[in-house]
Amino acid sequence: MTDIATLPSKRVCGTCELRKGGDCRFAALSGVRVRHLAKGETLVHEGEMPERLFLLRRGYLRMLRFGCDGDRVVMALLAAGDVVPAFPGRALGFSVEAASDTEVCEISGAAFRAAFGRDTALRHRILDNAAAHLRRLQDAIWLRGRLTSRERVIAFLVQATECMPVDRLPDGSLRVTMRVSRGDWADMSDTTVETVSRVVRGLADEGLVETLARHRYRIPDIAGLRRLARLDPAGAEGAPGPAPWQVIGPRGDRSVVRHQ
């Protein structure tokens, strides 16, 4: 990891989208450092006891673990603004890797514990973030158990419109840029790269998704794609963004799954 700077710094903080949007949890703290991870680099290893707390500033991280047979299981993707659920002094049950070129802000365990004790707003944000991570993991287990492999591939594409670059085009369609690899897409869908490619080609043949360039897709009808994956956003009207989800069963039964 390459150290960039020690905060606060106009050169670093002044261009940070999190701080501009008021979503930075570390901006008011002292002793914060920014580090860069190249794609594929490991931030923390499974079983490690980190001495620092991390906030994802830019890019994407994947939480993963390895099964007894050596198979890699990607549990979740983290996006800018997420606090990595790896708390100082606690052994990790997973590893955290960079799924893209990434920047993280980090603070020492001692500084975090002092701030956590005196800063009520920070404490609430950290606890809310941890609860959201838990819900995401529960949702992933639920979705993998209810959806077919094709539906899971489509569901990840739908969810990408919530955390990856999206443009709304004049015709009402969405253009999304997938910032993670096909391998991560397959891992998050609990399937294979070949299956992801086959599903995307099938969606293109049906006119449901248009591949514009590598990792860039146009979705003419996001609400229709959600229904195809048996995901029904309550009251979202096809607009991207955090929304409660319902998994619709084969007979029309609905189970609510909420994303934060």
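Residues numbered from 1 in each chain as written. Predicted model: local features only at pLDDT ≥ 70, side-chain atom pairs only at ≥ 80, totals over all residues. Heavy atoms only, no water.

Caption draft 1: Inspection of the overall build of the chain at higher detail. Each helix and strand counted, the chain has eight helices and 15 strands in total. Here the chain, with 260 residues, has 48% of them falling under the buried criterion. Pairs at least 24 residues apart make up 66% of the contacts formed inside the chain by residues separated by at least 6 positions. Accessible surface, the chain: about 12700 Å² in total, of which carbon and sulfur atoms supply 50%. (Helix = DSSP H or I, 4+ residues; strand = E, 2+ residues; numbered from the N terminus. Buried < 20%, exposed > 50% of the residue type's maximum accessible area, 1.4 Å probe, protein only. Contact = heavy atoms within 4.5 Å. Areas by Shrake-Rupley, 256 points an atom, 1.4 Å probe, with all protein chains shown as cover.)

Caption draft 2: Just the nonpolar core, in detail. In this structure, Leu157, Met164, Met178 and Trp185 are the most contacted members of the largest nonpolar core, which totals 34 residues. Counting only elements with at least two residues in this core, the list comes to strand E6 (72-78), helix H5 (149-163), strand E10 (174-177), helix H6 (182-188), helix H7 (193-205), strand E12 (216-219) and helix H8 (222-228). The leading source of residues in this core is H5, at seven residues. Every residue in contact with Trp185, bar those within four places of it in the chain, is listed here: Val153, Phe156, Leu157, Met178, Val196, Val200 and Tyr217. Counting 17 residues, the second largest nonpolar core, distinct from the first, contains Phe54, Met63, Val84 and Ala86. (Core = buried A, V, L, I, M, F, W, Y, C linked by side-chain atoms within 4.5 Å.)

Caption draft 3: Here's a closer look at the packing of aromatic side chains. A complete count under the given rule lists two aromatic pairs for this structure. A centroid spacing of 6.1 Å and a plane angle of 40 degrees characterise the contact between Phe156 and Trp185, whose relative ring orientation is tilted. Placement of the pair is Phe156 in helix H5 and Trp185 in helix H6, with a sequence separation of 29 residues. The class of Phe156 is buried, set by a relative accessible area of 8%. Measuring from centroid to centroid gives 5.8 Å for Trp185 and Tyr217, while their planes differ by 80 degrees, and the two rings are edge-to-face. Within this pair, whereas Trp185 is found in helix H6, its partner Tyr217 is found in strand E12, the two being separated by 32 residues in sequence. Relative accessible area serves as the criterion here: at 1%, Trp185 is assigned to the buried category. Taken together, the aromatic side chains of Phe156, Trp185 and Tyr217 make up a single cluster linked through ring pairs. (Phe/Tyr/Trp six-rings, centres within 6.5 Å; stacked < 30°, edge-to-face > 60°.)

Caption draft 4: Examining the sheet that holds E6 more closely. The strand order across the open sheet built from four strands is E3-E7-E5-E6, with neighbouring strands paired in antiparallel fashion. Because the sheet does not close on itself, it has two edges, and the strands there are strand E3 (42-44) and E6. With strand direction ignored, the average angle separating the axes of adjacent strands in the sheet is 35 degrees. One ladder, built from four bridges, connects strand E5 (residues 61-66) with strand E7 (residues 95-98); its direction is antiparallel. Bridged to Leu64 within E7 is Ser95. (Pairing = 2+ DSSP bridges. Axes fitted to C-alpha atoms, helices over the stretch in contact; angles between N-to-C directions.)

Caption draft 5: View of helix H4 (residues 120-146). End to end, H4 covers 39 Å across 27 residues, agreeing with the expected 39 Å (1.5 Å per residue, within 8%). Listed as buried for H4 are Leu122, Ile126, Asn129, Ala132, His133, Asp139 and Leu143. (Expected span 1.5 Å × (residues − 1).)

Caption draft 6: Region of interest: the confidence of the model for the chain. Of all residues in the chain, 79% attain a pLDDT of 70 or more, and the chain-wide mean is 79. For residues 1-9, every residue scores under 50 in pLDDT, and the model assigns this stretch 31 contacts once sequence neighbours within four places are set aside. In this model residues 234-260 is a low-confidence stretch, pLDDT under 50, and it forms 71 contacts with partners more than four residues away in sequence or in other chains. (pLDDT = per-residue confidence, 0-100.)

Caption draft 7: Main features of the side chain of Arg62. Note that Arg62 resides in strand E5. Residue contacts for Arg62: discarding those within four places in its chain leaves Gly40, Arg72, Val74, Ala76, Leu77, Ser95, Val96, Glu97, Ala98, Ala99 and Asp184.

Caption draft 8: Focus on the packing of H5 against H7. The N-to-C vectors of H5 and H7 enclose an angle of 75 degrees; their axes lie 10 Å apart at closest approach. Compared by their axis directions, H5 and H7 come out roughly perpendicular. Counted together, Ser149, Arg150, Val153 and Ile154 of H5 and Thr195, Val196, Val199 and Leu203 of H7 form the full contact between these two elements. Per-class residue counts for the contact of H5 with H7 are five nonpolar, two polar and one charged. (Parallel < 35°, antiparallel > 145°, perpendicular 65-115°, else oblique. Nonpolar A, V, L, I, M, F, W, Y, C, P; charged D, E, K, R; others polar.)

Caption draft 9: Quick look at the sheet that holds strand E11 (residues 210-213). One open sheet accounts for four strands, arranged E9-E10-E12-E11; its pairing is antiparallel. Each edge of the open sheet is held by one strand with a lone partner, namely strand E9 (166-168) and E11. Across the sheet, the mean angle separating the axes of adjacent strands is 25 degrees when strand polarity is ignored. Note: E9 against E10, three bridges, orientation antiparallel. Note that in E10 the partner of Arg168 across the bridge is Leu174.

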